[in-house]
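Read off the chains here:
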Amino acid sequence: MNETGPSIELIDVHKSYREADRTHRVLTGASVEIRSGERVAVLGPSGSGKSTLLNLVSGIDLPDSGTVRVGGADIGALPERERTLFRRRHVGFVFQFFNLVPTLTVMENLLLPLELTGSPDGRAHAESLLEAVRLSDRAGTFPDRLSGGEQQRVALARALVHGPDLLLADEPTGNLDEDTGELVVALLDELVRDSGTTLVVVTHARSLADRMDRTLHVDHGKLVEDSLTGTVPDLRA
Amino acid sequence: MSRQAQPPEDEHRADPGSGPPRLATRLLEGVLPPTDRGAAILGDLHEEFEARARKDERAARRWYVVEAIGIGVRYGRRTRRNRRGAAALGAPQGHDRSWEGMVDTLFTNVRYAVRRLTRSPMFTLVAVLSLGIGIGANTAMFSLVNAAIIRDMGFAEPERLVDVYEGTDDFTHGTLSYPDYLDFVEGSRDVFEAVTVSRFAVVQADTEDGVETLFGAGVTGEFFDLLGIDAARGRLLGEEDDVAPGAHPVVVLGHDYWSSRYAADPDIVGRQVRLRGRPYAVIGVTPEGFTGSVRGFAPALYVPVMMVDELMGSTGNSLESRGSQSYFGTARLRDGATFAQAEAAAERVTATLRERHPRTWTPDKEFVLERTEDVIMNPMIDRFVVPAAGMIMTVVGLVLLIACANLASFLLARAADRRKEIAVRLAVGARRRTLVAQLLTETVILAGVGGALGIVIATQGLDLLLAADLPLPFPITLDLSLDRTVLAFSALVSLGAGVLFGLAPALQSTNPDVAPALRDESAGGGRARGASLRNALVVGQVAVSVVLLVGAGLFLRSLDASRRLDPGFGGTPTALVQLVTPGDRYTREEALVYQRTLRERVAALPGVQSVGVIDNIHLDPLNTQTVRVQVDGIDPPPGQDFHGVDYAVIDEHLLEALDIPLVEGRGIEALDVADGEPVALVNQEFVHRFLPEGGAVGREVRLNGDPVRVVGVTADHKVRGLGEAPRPFVYRPIRQSFSPYGWVAARTGGEAERLVLDVIAEARALDPDIMVTQAKTMRRHLAVMLLGRELGAMVVGGFALLALLLASIGLYGTVSYAVARRAREVGIRLSLGADVGSVIRMLTGSGMRLVATGGAIGVLAAAAAAQLLSRLLYGVPPLDLPTFLVVPVVVGLVAFMASWVPARRVARIDPVGALRSE
């Protein structure tokens, strides 16, 4: 991987899910290139495959066909153990539903990625991040005592605590009111800007998308460039 | 305040769809009462609708409309009627406290409970099975305890009955001799209205096919009258049947024998049965349920005590011998007489007999009285029976407790899942009491069905037990039918179980802390409610399992130690047949000729290696006999002028037949005849105890006052019990000390079972009327000694394994539920880069921490419980290290599997799905 965030390439990616008796085709030949350190917003209607895109990039999920390259590595070709290590070391996740571990305190949630990477001296960094998201006084609190905005700020800090070079955010403001969402977006912007981290944000919020370098749309299973910036180049060409 | 029933609209639906038909909902809102029940019904309908809609929404909508119409019609009528009634009475309309209202509420609760249970068939099945097994085990064991200890013996005014024993320092509650009985009657007339004795008698009855050996009783004329027993047919024995020895050939049949042998022939009275070749007139039948005066031993027939010597072919007269102590005594107090007065009378008679018969009435011998109601079988046996019954009931109680803990754990998990539904109901004003009642109805129904299943399991189990071929030396009859006491016990246990496993989850899930439940928990907050109680239940289950398994382990080790004991004889397949050469048909010489001829015929059978005769086989729990031994220079015990030593009369082949080594001198020989020098063999312990200076062979000792020369020394062997310390023993030659009772012991290289039949055939070929009183293999004979330990190991071991199985199911369920609730956490961890192995370790670890805690508590509890078992163990210390090491390991392994399987399943979930779900 690079000093700055990795580049991402999707080449003719297909992905479908079976639900009950029918197959739901989510991505049908999606292709895109995201440059190293680029900050990209992905827009699209519910169920269009935005979250699937993030799961494929992170290696949580694998494409039915096509190629997903992150930092030049073909994620789909990596064994599960390698993909796990890749996620552990290089990826930070922010989810719409926060996904904090309910049985762990705020600080324990923050330390979770560090425990997984085996970084013994990350507590100070975690504390500084907690301060950065303005929750240093809630370190010993369990998630169920936090508001939605507070939980998302913790999730944001957790996503960054181990210094990932790729940050994936899945509708980080989707479950927050407008003001809280603005606060989280501002924090995200503040924490990632100038770090060189590649950022892919799935969102419905135009305001959040406007802060990104580029905006993509998921349209009928394909990725298209926002009309303001043109069509995504066909990498197969 | 009146409340309008509201559907739980704000409830989170997994698949909301378009909801139930609005028109139908409005109809329901219009007709349902504005009470808790109305809200509950509407809530249940919506809940059921959602469950159905997940499968087929259109069908669910159709169902909802039909239900709404049905309820609408029913409640439309009732609402109008109730409003009129309530207005007339001025009662608040919110809670219908009338009888009809309560019945209606109960009916509704039952209906919804049944609906909820049928919606979770797997849970219901596991619950009913667990309870069925637990309650079945309790019912079966209680039936045993009831039959053996509790059940009324059917005596009239039992509070006035007193059991009479002859006790010594060594044998505190022995039977009476007939002369002692007569003296007791004479000396206690002022206190007792009547005194009776009975004795067991092995009786040979003639049948169309030959003969059958029956377990009968000889009783005095007062027996039935004193106990207050009336005849089912004819009459029972009276004083007119108890006048002179051999003069009363009459018999009363036991009800069971009459039913089985004579098909309950109504014309049985007046018919004759042939006992030992003599016709006996049947004068009556005992009532159903009467099983004699000694619990567990139901005689097939009753004869006058005056006929017993003749029936058993005795050579002596037991009615005149103070040494023949075979009679069970029972007395009835006179009206107004006290037990203390009875004891004083017994002391007086004791003093008189000590003075008149100092040889048999030694200073430590006395009459001992016990209230019949306080005695189960015999106070000496009761000392073991009561703790054993207590232990068995404790064991099955613990099994049921584990089953209840399992179900409580499952219900707590379900309650956590239903928390929001219950919160909605509380929020719309449902009373907590109502909800608790609803939830308890569910558990009581489960317990009721489980109880019914338990009774079926108990019945089947008891049938198996009755059919089991236990190596008992005598027939034990226990009425194991499910009487009212047993059924009441089962009902009580079922109800108790229902409340026990239902109350805590019901109270916890209806805790009126509504707000947090109504908040959206999907955000990740909220630790599992009730988790600590569920964890505590798992810890408790594991601890109890460890205690039971340690108990089972100790019994198994004890059994193993007993099995490895060498009795010192009978190591090869041997047939044992006990014969009686009755004194009224055989002279002493004729009997000896019969025994010798039979021995020779048996020895000629194929495969037979050696045949001998002994009058009293070793390790017979029913018979012991001692000889008075005096040895110069060896002081007898204080207060006595002799040593009581076990002995047997044998022929010259017995030592070889039983494989008992001769270590010094010679054995019994054919030349040791009646007019020869009296000789004896002694064993090594005899030499050690009485002839310690050596040179035993050739020494003279006095046996029953007569000088006898020791001609040989045998190796030691067990005499009365497998666990006993070496006991001195004396053998006398059969020609010098004749006994009409003789065990033919035939050692074979073939099948002992087959040889038993062959020996009987040879015996009957020589004399078709010969009395065969017992016949068995040596293996079966010795098995009696292990029976208690085998039963203990089997019962405790079986129930302990059951407990472990139930505890494992509980642990599996708890861990499954816990890890299922942590599915999202697993998804988070996997998405953050945790590997599957670490997640499995984490999930399994939490289960194993509970197991470790429970195991540690269990080991400590087992160490304490083992001390209580120490009296029942042989050859193994209560804190047996292997048991205490193996059991926790076994429990740990089983528990690990119970934790690992669900953990592995959850750790392999699709993290995408877990993270996506709310």
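Residues numbered from 1 in each chain as written. Chains lettered and ligands numbered in written order. Predicted model: local features only at pLDDT ≥ 70, side-chain atom pairs only at ≥ 80, totals over all residues. Heavy atoms only, no water.

1. Regarding the overall build of chain A
Counting secondary structure elements, chain A contains seven helices and 10 strands. Looking at chain A as a whole, 56% of its 237 residues qualify as buried. Considering only contacts within chain A whose residues lie at least 6 apart along the sequence, 73% involve residues at least 24 apart. As presented, chain A carries roughly 10000 Å² of accessible surface, and 45% of it is formed by carbon and sulfur atoms. (Helix = DSSP H or I, 4+ residues; strand = E, 2+ residues; numbered from the N terminus. Buried < 20%, exposed > 50% of the residue type's maximum accessible area, 1.4 Å probe, protein only. Contact = heavy atoms within 4.5 Å. Areas by Shrake-Rupley, 256 points an atom, 1.4 Å probe, with all protein chains shown as cover.)

2. Focus: the pairing of strand E18 (residues 700-703) of chain B
Residue and element names in this part refer to chain B. The alternating pattern of E18 places Val701 and Leu703 on a buried face and Glu700 and Arg702 on a face that is not buried. Inspection of the sheet shows strand E14 (residues 626-630) paired to E18 by two bridges, in the antiparallel sense. Bridging across to E18, Val629 finds its partner in Leu703. (Pairing = 2+ DSSP bridges.)

3. Here we look at a nonpolar patch on the surface
All names here are of chain B. Together, Leu495, Val499, Leu503 and Leu507 give the surface a local cluster of nonpolar side chains, amounting to about 290 Å² of exposed area. Tracing the backbone through its elements, the reader meets Leu507 in helix H14 (residues 484-509). Residue classification places Leu507 among the partly exposed positions, given a relative accessible area of 38%. (Patch = residues over 30% accessible without salt bridge, like charges linked within 9 Å, V, L, I, M, F, W, Y side chains within 5 Å. Salt bridge = Lys/Arg side-chain N within 4 Å of Asp/Glu carboxyl O.)

4. Some words on a negative patch on the surface
Residues and elements named next belong to chain B. Together, Asp169, Asp170, Glu343, Glu347 and Glu366 give the surface a local cluster of negative charge. Tracing the backbone through its elements, the reader meets Glu366 in strand E11 (residues 366-371). With a relative accessible area of 37%, Glu366 lands in the partly exposed category. (Lys, Arg positive; Asp, Glu negative; His and termini not counted. Charge placed at Lys NZ, Arg CZ, Asp CG, Glu CD.)

5. Notes on the confidence of the model for chain B
Residue and element names in this part refer to chain B. For chain B, the mean per-residue pLDDT works out to 84, and 90% of the residues sit at or above 70. Confidence over residues 1-17 falls short of pLDDT 50; this stretch has 38 contacts with residues more than four positions distant or in other chains. Predicted confidence is poor over residues 518-527, with pLDDT under 50, and the contacts of this stretch with residues over four places away or in other chains come to 30 contacts. Predicted complex metrics record ipTM = 0.71 and pTM = 0.68. (pLDDT = per-residue confidence, 0-100.)

6. Examining the sheet that holds strand E8 (residues 198-202) of chain A
Within a sheet, neighbouring strands are paired by backbone hydrogen bonds and run either parallel or antiparallel to one another. All names here are of chain A. Sheet architecture is open: six strands sit in the order E6-E7-E8-E3-E9-E10, paired in mixed fashion. The outermost strands of the open sheet, each flanked by one partner alone, are strand E6 (91-94) and strand E10 (222-225). Each neighbouring strand pair of the sheet contributes to a mean axis angle of 20 degrees, computed without reference to strand direction. Of the pairings in the sheet, the one linking strand E3 (residues 39-43) to E8 comprises four bridges and is parallel in character. Its bridge partner being in E8, Arg39 is matched across the sheet by Leu199. The strands that helix H1 (residues 50-58) touches are E3, E6, strand E7 (166-170), E8, strand E9 (214-219) and E10; relative to E7, the one it contacts most, it runs at about 155 degrees. The sheet contacts of helix H5 (residues 148-160) involve E6 and E7, and relative to E6 the element is tilted by about 175 degrees. (Axes fitted to C-alpha atoms, helices over the stretch in contact; angles between N-to-C directions.)

7. Quick look at the environment of B:Gly633
Checked against the element boundaries, B:Gly633 lands in the loop between E14 and strand E15 (643-650). When the C-alpha positions of B:Gly633 and B:Leu691 are compared, they lie 9.1 Å apart, and in sequence the two are 58 residues distant.

8. Topic: the pairing of strand E21 (residues 741-748) of chain B
All names here are of chain B. E21 sits mainly inside the fold: seven of its eight residues count as buried. Note: strand E12 (residues 574-580) against E21, seven bridges, orientation antiparallel. Across the sheet, residue Leu576 finds its bridge partner in E21, namely Ala745. Bridging between strand E13 (residues 608-614) and E21 involves six bridges; their strand directions are antiparallel. Residue pairing for E21: Gly612 is matched across the bridge by Ala745.

9. Digging into the nonpolar core
Counting 120 residues, the largest nonpolar core has B:Phe501, B:Tyr731 and B:Phe799 as its most contacted members. In terms of residues, this core owes the most to one element, helix H21 (residues 778-821) of chain B, which gives 17 residues. The contacts of B:Tyr731, once residues within four sequence positions are left out, are B:Ile614, B:His618, B:Ala648, B:Ile650, B:Leu655, B:Ile660, B:Val679, B:Ala680, B:Leu681, B:Thr714 and B:His717. Among the nonpolar cores identified, the runner-up in size contains 36 residues, and A:Ala41, A:Leu114, A:Leu146 and A:Ala159 belong to it. (Core = buried A, V, L, I, M, F, W, Y, C linked by side-chain atoms within 4.5 Å.)

10. As for the packing of helix H3 (residues 106-117) of chain A against H5(A)
All names here are of chain A. Packing of H3 against H5 brings their axes to within 7 Å, and their N-to-C directions diverge by 30 degrees. Classified by the angle between their axes, H3 and H5 sit roughly parallel to one another. Both H3 and H5 take part in a crossing whose hand is right-handed. Where H3 abuts H5, its residues Val106, Asn109, Leu110 and Pro113 lie against Val154, Ala157 and Arg158. A per-class count over the contact of H3 with H5 returns five nonpolar, one polar and one charged. (Parallel < 35°, antiparallel > 145°, perpendicular 65-115°, else oblique. Left-handed = near helix turned anticlockwise from the far one by under 90°. Nonpolar A, V, L, I, M, F, W, Y, C, P; charged D, E, K, R; others polar.)

11. A few points about the pattern of salt bridges
Taken as a whole, this structure holds 47 salt bridges over all chains when the rule is applied. When the shortest N-O distance is used, the salt bridge between A:Glu171 and A:Lys50 registers 4.0 Å. Of this pair, A:Glu171 sits in the loop between E7 and helix H6 (178-192) while A:Lys50 sits in helix H1; the two residues are 121 residues apart in sequence, bridging distant segments of the chain. Exposure class is identical for A:Glu171 and A:Lys50. Each is buried. Of the charged contacts, one joins B:Arg601 and B:Glu762 as a salt bridge, the two residues approaching to 2.8 Å between their closest N and O atoms.

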